[in-house]
Amino acid sequence: MSKAAANPLLPALMALSLLAGCATTPDPLRDAVVEPVTVDGVRAAPERYAGLRVRWGGSIVAVRNLADTTVVEVLSRPLKSSAAPKPDAFGTGRFRARVRGFLDPSDYAVDRWFSVVGGVRGAESGRGGGQACRWPGVEVERRRGWRGGAGCEGAPRAGGGEG
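The residue numbers shown here count from 1 along each chain, following its written sequence. Reporting of local features is limited, given that this is a predicted model, to residues whose pLDDT is at least 70; pairs of side-chain atoms are given and counted only at 80 or more, and all residues count toward the totals for whole chains, interfaces and linings. The side-chain numbers reported here are obtained from all heavy atoms of the structure, hydrogens and water having been left aside.

All right, on to the pairing of strand β5 (residues 131-146) then. Only when DSSP finds a minimum of two bridges between them are two strands counted as paired. Runs of H or I in DSSP of at least four residues are treated as helices and runs of E of at least two as strands, each being numbered from the N terminus. Judged from the three bridges that link them, strand β3 (residues 94-100) and β5 form a sheet pairing that is parallel. Within the sheet, the bridge partner assigned to A97 lies in β5 and is V138. Hairpin connection between strand β4 (residues 113-128) and β5: a loop of two residues separates the two successive antiparallel strands, and G129 in this loop has a positive phi of roughly 60°.

Turning to the environment of E35, a few remarks are in order. If you trace the backbone, E35 turns up in the loop between α2 (10-21) and α3 (39-44). On the accessibility criterion, E35 (38% relative accessible area) is partly exposed. Throughout this description, buried means an accessible area under 20% of the type-specific maximum (1.4 Å probe, protein chains only), exposed means over 50%, and partly exposed covers the range between.

Locating W113 in the fold gives a position in strand β4. Separated by 36 residues in the primary sequence, W113 and R77 place their C-alpha atoms 9.5 Å from one another.

For E73, the position within the fold is in strand β2 (residues 69-76). Here the side chain of E73 touches R94 through a polar contact of 2.6 Å, side chain to side chain. The contacts of E73, once residues within four sequence positions are left out, are S59, I60, V61, A62, R94, F95, R96 and W135. As used in this structure description, the phrase polar contact means that two N or O atoms lie within 3.5 Å; if the pair is within protein, one of them must be able to donate a hydrogen and the other to accept it, and residues adjacent in sequence are counted only when both atoms belong to side chains. Residues count as neighbours in contact if any of their non-hydrogen atoms are within 4.5 Å of one another.

Take the sheet that holds β3 next. Taken in spatial order, the five strands line up as β1-β2-β3-β5-β4 and close into a barrel, and their pairing is mixed. Neighbour-to-neighbour, the strand axes of the sheet open up by a mean angle of 45°, direction not taken into account. Two elements, strand β1 (residues 53-65) and β4, share seven bridges in a ladder whose sense is antiparallel. Residue pairing across strands places V54 opposite G118, the latter belonging to β4. Each axis is a line fitted through C-alpha atoms, taken for helices only over the stretch in contact, and angles between the N-to-C directions span 0 to 180 degrees.

So far we have only geometry, and geometry alone does not tell us how the molecule works.
Structural data, given as C-alpha cells:
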C-alpha cells in the first residue's frame, strides 16, 4: 500500500505547503492600517481629519526640495489592492506629500506614480491651473514610487523605497 493511500490527508497537506510557499511577503505600504478618508473629504474639512493616517497615491505633478524635506504634489487617483494608483482612473483632486530628506526629481518625475502612508496635516494653499487652491497635506511615514504612469503595470520602482 502506498503512503498516499495509507494517509489520505497527505496529498492535501502537500498542496497546502506548496501554496504557503507562494504567499507574498507583507508590504508595509499596502498592509498599513489607515483610515478610509478621501482627498476630497479632507479638503472639505481639513481640521476634522488632522493627524489621521491615510493611504493615498496618484500621479506626480511637481517635486520641490526644501532645506530638510521634499514636497511632492500629487494628482490623487484611486488605488489598487497593491497600493499602486489605478492606471485608467481619473484624478480626484490634488494633495501634497511632505517627505523627510531629499528626493531626486529624476526618480520622482512628473507623471510618475507615487503612493504614501502618513498623517493628514490639514490643508495647504497653492495654485493649480492658474487658480488659488487648498490641498490636503500628508506627513509621509512610508512611500513608494512606481514605474511609469498611465498604462504601466504598476510594479514597484527601483529606488522608490520607504520614507
